[in-house]
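A look at the structure
Each chain is listed here by its residues.
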Amino acid sequence: MQNNLNKADPIKYKIQLPDGRTIIKQRIETGEGKTFRYTPAFSALGISLRDLPLYGLEKLNSLREGTEVWFVEGEECAKRLNAMGVTAVSGYWGSSQKDFGDSLKALMDFRVICWPDNDDAGKSYMSNVARQLSGENSLQPVQWVDVESMDLNEKDDVVDYLN
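Residues numbered from 1 in each chain as written. Predicted model: local features only at pLDDT ≥ 70, side-chain atom pairs only at ≥ 80, totals over all residues. Heavy atoms only, no water.

As a further point, take the sheet that holds strand E6 (residues 111-115). What the four strands build is an open sheet, ordered E5-E4-E6-E7; its pairing is parallel. A strand with exactly one partner marks an edge of an open sheet, and here the two such strands are strand E5 (88-89) and strand E7 (143-144). One ladder, built from five bridges, connects strand E4 (residues 68-72) with E6; its direction is parallel. Across the sheet, residue Glu68 finds its bridge partner in E6, namely Arg111. (Pairing = 2+ DSSP bridges. Helix = DSSP H or I, 4+ residues; strand = E, 2+ residues; numbered from the N terminus.)

Attention now moves to the packing of aromatic side chains. Under the definition given, this model contains eight aromatic pairs. Considering the side-chain rings of Tyr55 and Tyr92, the 5.8 Å spacing of their centres and the 85° angle between planes classify their relative orientation as edge-to-face. Taken together, the residues Tyr55 in the loop between helix H1 (42-45) and E4 and Tyr92 in the loop between E5 and E6 connect sequence positions 37 residues apart. In this structure Tyr55 comes out as buried when scored by relative accessible area, which is 16%. Among the aromatic residues, ring-to-ring pairing joins Phe71, Trp93, Phe100 and Tyr125 into one connected group. Here the guanidinium or amino end of Lys25 rests over the ring plane of Phe36, the centre of that ring lying 4.2 Å away. (Phe/Tyr/Trp six-rings, centres within 6.5 Å; stacked < 30°, edge-to-face > 60°. Buried < 20%, exposed > 50% of the residue type's maximum accessible area, 1.4 Å probe, protein only. Lys NZ or Arg CZ within 6 Å of the ring centre and 35° of its normal.)

So this is what it looks like as structure tokens:
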């Protein structure tokens, strides 16, 4: 990914759980990639990654059934699209996540378009998302952005494409 994030300052996201509790997710860039830290730890709350709501979930509350919603890989990608007036959500988990709990049920009434990162992990992740959405009897078929047909480098994402 080509995003220019300051490696010294972690990016923080406030996650509001349905029961009102709050978790802080920190994205920490290292020389070898990125890592995530959640405070408090999931074990202290008796939950796991699959129990987290979608990033941007609150944006769905005022939408009509059938509205287009983009599912992207990563909070920064969703944030960028939302800033452009495009409704986008993401998981708080990474591309290796295969169990989404009930979080994707929030998307059942919408026309979902998946935009994976341009790598095998991203495509596999979005395939798992699309499979679960389709299996939940979504009102609309899941659509895809064909990242292979775009002028993207390996691992590029929505933010890279828009820059």
